[in-house]
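Fold and contact review
The residues making up each chain are set out below.
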Amino acid sequence: MNIVICDDERLFLVQLKNTIQRYIDQKNVKANIIGKTDSIELKKSIQEIKPDLVFLDIDMPKVNGFELSKEIKSRFPKCIVVFCTNHNELVYESFEYEPFWFLCKDEYNRKIEQIMDQALAKIRKEKQEFIISLKDKSLIVKYSEIMYIEVNKHKLQFYLRDNKMVEQRGSIAEIESQFENYGFIRINSGCLANMKYIWSINNNIVVLENNESLIISRSNKKIVKKKFFDYIGNKVR
């Protein structure tokens, strides 16, 4: 992931860069942070950088943040733009450019974690990735790499395609609606299965591609079969 900060005020640029660096280190996020004090220079190099998230000062010489945002979004429509400024009165003018956030510089220390949490969640959703919070770090996995999820003693156990199992605290109810969007189906009260890996359904048993068997609860049997056959039907159309 590429994060860009563009601000002609070097002191603020360095402070914000260091704060974001601490955040990504704590969250174990792989990211490059590129700082630019010259908006013209950023405009020339933006195609090479391919940004996922940009923090733009609004009041810059040569090319201001609004103009730069328009240029970036024309090339990278999914790029997240955060405007940074000391001029709070510009918030209404910024709406035209549809920023992800309008950050008042004197509040950056208090707001940056919230901004980064929400920006990363949006980026992960676009890239179809999920963050599993382990004991001492975070693991980023694609939804397509998760075969099934079971709950055991208040912990979610994620069984991955490479035969690894990792776990974090949580419940099926907390993640069910999120995972349904990526082809997962609840087969019993404590298990979500990725339909991509279901080989067959025999009575009350789901058989996965790796020959593992999962039990379908009686109450879920009808809906599991319907959703799976609908899924298969959509694949062959």
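The paragraphs below set out a description of the structure included in this document. (Residues numbered from 1 in each chain as written. Predicted model: local features only at pLDDT ≥ 70, side-chain atom pairs only at ≥ 80, totals over all residues. Heavy atoms only, no water.)

**Details of the overall build of the protein chain**
Each helix and strand counted, the protein chain has seven helices and 15 strands in total. Against the globule reference of 18 Å for 237 residues, the protein chain gives a C-alpha radius of gyration of 22 Å, more extended than a compact globule. Overall, the C-alpha framework of the protein chain stretches about 70 × 40 × 30 Å when taken along its three principal axes. Split into buried and exposed, the 237 residues of the protein chain put 45% on the buried side. Contacts spanning at least 24 positions in sequence make up 51% of the contacts within the protein chain whose residues lie at least 6 apart. (Helix = DSSP H or I, 4+ residues; strand = E, 2+ residues; numbered from the N terminus. Rg over C-alpha atoms; globule rule 2.2 N^0.38 Å. Buried < 20%, exposed > 50% of the residue type's maximum accessible area, 1.4 Å probe, protein only. Contact = heavy atoms within 4.5 Å.)

**Some details on the sheet that holds strand S13 (residues 198–202)**
Spatially, the three strands line up as an open sheet ordered S13-S14-S15, and their pairing is antiparallel. In this open sheet, the two strands that pair with only one neighbour each are S13 and strand S15 (213–215). When the angles between neighbouring strand axes are averaged without regard to direction, this sheet yields 25 degrees. (Pairing = 2+ DSSP bridges. Axes fitted to C-alpha atoms, helices over the stretch in contact; angles between N-to-C directions.)

**Thoughts on helix H5 (residues 108–126)**
The end-to-end C-alpha separation of H5 is 25 Å, in line with the 27 Å expected for 19 residues at 1.5 Å each. For H5, the full list of buried residues reads Tyr108, Ile112, Ile115, Met116, Ala119, Leu120, Ile123 and Arg124. At the C-terminal side of H5, Gln128 shows a positive phi close to 55 degrees. (Expected span 1.5 Å × (residues − 1).)

**Here we look at the layout of surface pockets**
Quantified by volume, the largest pocket comes out at close to 360 Å³. Elements with a minimum of two residues in the lining of the largest pocket: H5 and strand S6 (129–133). The dominant element in the lining of the largest pocket, judged by the number of residues it contributes, is H5, at five residues. The residue inventory of the lining of the largest pocket, partitioned by class, reads eight nonpolar, five polar and five charged. (1 Å grid on protein atoms, 1.4 Å probe; cavity = no way out; pocket = protein on both sides within 12 Å on 5 of 7 lines; lining within 4 Å. Points joined across faces, edges and corners; volume = space filled by probe spheres on them. Nonpolar A, V, L, I, M, F, W, Y, C, P; charged D, E, K, R; others polar.)

**Comments concerning the pattern of salt bridges**
Applying the stated rule across the entire model yields 14 salt bridges. A salt bridge links Lys127 to Asp52; the nearest nitrogen and oxygen atoms lie 3.6 Å apart. With Lys127 in the loop between H5 and S6 and Asp52 in the loop between helix H2 (39–49) and strand S3 (53–57), this pair connects stretches of sequence that are 75 residues apart. Classification of Lys127 as partly exposed rests on a relative accessible area of 33%. Judged by relative accessible area, Asp52 falls into the buried class, the value being 17%. In this structure, a network of salt bridges that share partners links the residues Asp7, Glu9, Asp57 and Lys105. (Salt bridge = Lys/Arg side-chain N within 4 Å of Asp/Glu carboxyl O.)

**Quick word on the packing of helix H1 (residues 10–26) against H5**
Two elements in contact, H1 and H5, have axes whose closest approach is 11 Å; the angle formed by their N-to-C orientations is 50 degrees. For the element pair H1 / H5, the angle class is oblique. The element H1 and its partner H5 pack so that their crossing is right-handed. Across the interface between the two elements, Phe12, Gln15, Leu16, Thr19, Ile20, Tyr23 and Ile24 of H1 pack against Tyr108, Asn109, Ile112, Glu113, Met116, Asp117 and Leu120 of H5. When its residues are assigned to classes, the contact of H1 with H5 shows nine nonpolar, three polar and two charged. (Parallel < 35°, antiparallel > 145°, perpendicular 65-115°, else oblique. Left-handed = near helix turned anticlockwise from the far one by under 90°.)

**What about H2?**
Among all positions of H2, only Ser39, Leu42, Ser45, Ile46 and Ile49 are buried. Within H2, the buried residues cover an arc of 145 degrees as seen down the axis, which keeps them to one side. In H2, the exposed residues that point more than 90 degrees away from the buried face are Lys44 and Glu48. Of the residues that open H2, the one with a side-chain oxygen 2.8 Å from the backbone nitrogen of Ile40 is Asp38. A positive phi of about 55 degrees marks Lys50, the residue just after H2. (Arc of directions from axis to C-beta. Polar contact = N/O pair within 3.5 Å; in protein donor to acceptor, adjacent residues only side chain to side chain.)

Note that every value here comes from positions in space, so none of it alone points to a role or purpose.
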